[in-house]
Amino acid sequence: MFRKQLMVAALALAAGASAAYAQDTVKIGLILPMTGQQASTGKQIDAAVKLYMARHGNMVAGKKIEVVLKDDAAVPDNTKRIAQELIVNDKVSFVAGFGITPTALAVAPLATQAKIPEIVMAAGTSIITERSPYIVRTSFTLPQSSVIMADWAAKNGIKKVVTIVSDYAPGMDAQNSFKDQFVKAGGAVVAELKVPLANPDFAPFLQRARDASPDALFVFVPSGQGGTFMKQYAERGLDKAGIKIIGPGDVTDDDLLNNMGDAVLGTVTAHLYSAAHPSPANKSFVAEFKKANGGMRPNFMAVGGYDGMHLIYEALKKTKGSTNGDALIAAMKGMAWESPRGPISIDPETRDIIQNIYIRRVEKVGGELYNVEFSKFDAVKDPGKAAKK
Ligand code: PHB
């Protein structure tokens, strides 16, 4: 208890310190899973942050920007300890990153106590931005894509669906928002399967899904697991049985898509980003990202990181270099810009991202597999929050 009080006092002091001394350097604590199961997310976001700084320099409003990267291996206890150290010892003015929902949530009370912005670049559970007035999100929410997927499926001859999701918060968000909308549109969800997040074996779940002979499986697995999922889907012959895959685009993640094989061709998903998005801004983003990273293709996590840096840079410009947390959050509310994914903005009421959601189909383009966008929904807010109001 005493330790906890000490920590609260230290966080409050840290908040005072960053306001009281004009510093020449502004530090950003970037906490990512660089090792462990979610390491691909860390790698993507780290690369995107470096690309942003290579393009825009490290000076903003007269301040030198310094990113302090720490690996939390996607373990929330680590994230919390690291965030405390970054705030109290390194005197960071922002905490950013967060590869999965539990790590983003673990830091919310610290952001509130220290009054510093927490920029969520990856996690996608709806509730996250409600956990602190200092949280702003540049990633996505699962309901944003899942509700649109439900409408598309119902309108395109899919009547009977089995859902398969990772058994934690974003999986529940995806499953529930899909089901609500799909049932409203006249469809039926005949089984709801939940797969453990850690080291998943999808085979027994795919067998159960196959036995229910649905038109489609609605799938949510976090970025990094799509390759294993698709391999087991093809091995079990579900593609040959005519059972389609639908879902948010995490399962056809650009990072892994090209190695998934032909079983994935024709898969339709709804999502915020495709490396094949045909805008000039995206074309140069993809080309420079690949060049700087040995040919690695950017995925939706990379754009969350890239846009998170843009948000930080532009907020600092608006505050003329002040790192006062309240001023920075005020500057971020309502900010709008063109991302590699298309036009995006920060909802001034919820501090959550508003973005286009695209329906895409996996196709071969120039011998490589891509999610090719063929339909667009403009400026989608998080339906997860709208539903609760
Ligand atoms: C999350 O934990 O919020 C999360 C992680 C990876 C995803 C989507 C959501 O692809």
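How each quantity is defined
- Residues numbered from 1 in each chain as written.
- Predicted model: local features only at pLDDT ≥ 70, side-chain atom pairs only at ≥ 80, totals over all residues.
- Heavy atoms only, no water.
- Helix = DSSP H or I, 4+ residues; strand = E, 2+ residues; numbered from the N terminus.
- Contact = heavy atoms within 4.5 Å.
- Salt bridge = Lys/Arg side-chain N within 4 Å of Asp/Glu carboxyl O.
- Buried < 20%, exposed > 50% of the residue type's maximum accessible area, 1.4 Å probe, protein only.
- Pairing = 2+ DSSP bridges.
- Phe/Tyr/Trp six-rings, centres within 6.5 Å; stacked < 30°, edge-to-face > 60°.
- Lys NZ or Arg CZ within 6 Å of the ring centre and 35° of its normal.
- Polar contact = N/O pair within 3.5 Å; in protein donor to acceptor, adjacent residues only side chain to side chain.

Take the environment of Leu238 next. By the secondary structure assignment, Leu238 is in the loop between helix H8 (226–235) and strand E10 (244–246). On a C-alpha basis, the gap between Leu238 and Val264 in space is 11 Å, while along the polypeptide they are 26 residues apart. Setting aside residues no more than four positions away along its own chain, Leu238 makes contact with Leu206, Arg210, Leu217, Tyr233 and Ile243.

Evaluated as defined, the whole model comprises 16 salt bridges. Among the ionic pairs, Glu85 bridges to Arg81, the shortest N-O distance being 3.8 Å. Linking Glu85 with Arg81, this pair stays in helix H3 (residues 76–88), spanning four residues, or about one helical turn. A relative accessible area of 35% places Glu85 in the partly exposed class. Arg81 sits in the partly exposed class, given a relative accessible area of 41%. The salt bridge involving Asp307 is made with Arg341; its shortest N-O contact spans 2.7 Å. Remark: Arg341 occurs in the loop between strand E12 (336–339) and strand E13 (342–346) and Asp307 occurs in helix H11 (residues 300–318); sequence separation between them is 34 residues.

Glancing now at the pairing of E13. Summarising burial for E13: four of the five residues are buried, a large majority. By the bridge criterion, four bridges tie E12 to E13 in an arrangement that is antiparallel. Of the residues in E13, the one forming a bridge with Ala336 is Ser345. Between the antiparallel neighbours E12 and E13 lie two residues.

Moving on to the packing of aromatic side chains. As enumerated under the stated definition, the model contains nine aromatic pairs in all. Here Phe140 and Phe300 contribute two aromatic rings whose centre-to-centre distance is 5.5 Å and whose plane-to-plane angle is 65°, an arrangement assigned as edge-to-face. With Phe140 in the loop between strand E6 (135–137) and helix H5 (142–155) and Phe300 in helix H11, this residue pair connects regions lying 160 residues apart in the sequence. Note on accessibility: Phe140 and Phe300 belong to one class, buried. Both rings, one in Phe202 and one in Phe229, keep their centres 5.1 Å apart while their planes meet at 75°; by these two values the pair is edge-to-face. Separated by 27 residues along the polypeptide, Phe202 in the loop between strand E8 (188–195) and helix H7 (203–211) and Phe229 in helix H8 bring together distant segments of the chain. Across the pair, exposure class does not vary: Phe202 and Phe229 are buried alike. Connected via pairs of aromatic rings, a cluster forms that spans Tyr52, Phe285, Phe289, Tyr306 and Tyr313. One residue, Arg297, lies across the ring of Tyr370, its end atom 3.7 Å from the ring centre. Here the guanidinium or amino end of Arg361 rests over the ring plane of Phe374, the centre of that ring lying 4.3 Å away.

Our focus in this paragraph is the environment of Asp71. Position of Asp71 relative to the elements: it lies in strand E3 (residues 63–71). Asp71 sits in the partly exposed class, given a relative accessible area of 33%. Residues Asp71 and Ala104 lie 33 residues apart in sequence; the distance between their C-alpha atoms is 14 Å. Ignoring anything within four residues of it in the chain, the contact list for Asp71 reads Leu32, Pro33, Met34, Thr35 and Ile82. A distance of 2.9 Å separates a polar side-chain atom of Asp71 from the backbone nitrogen of Met34. In this structure the side chain of Asp71 is engaged in a polar contact, spanning 2.8 Å, whose partner is the backbone nitrogen of Ala73.

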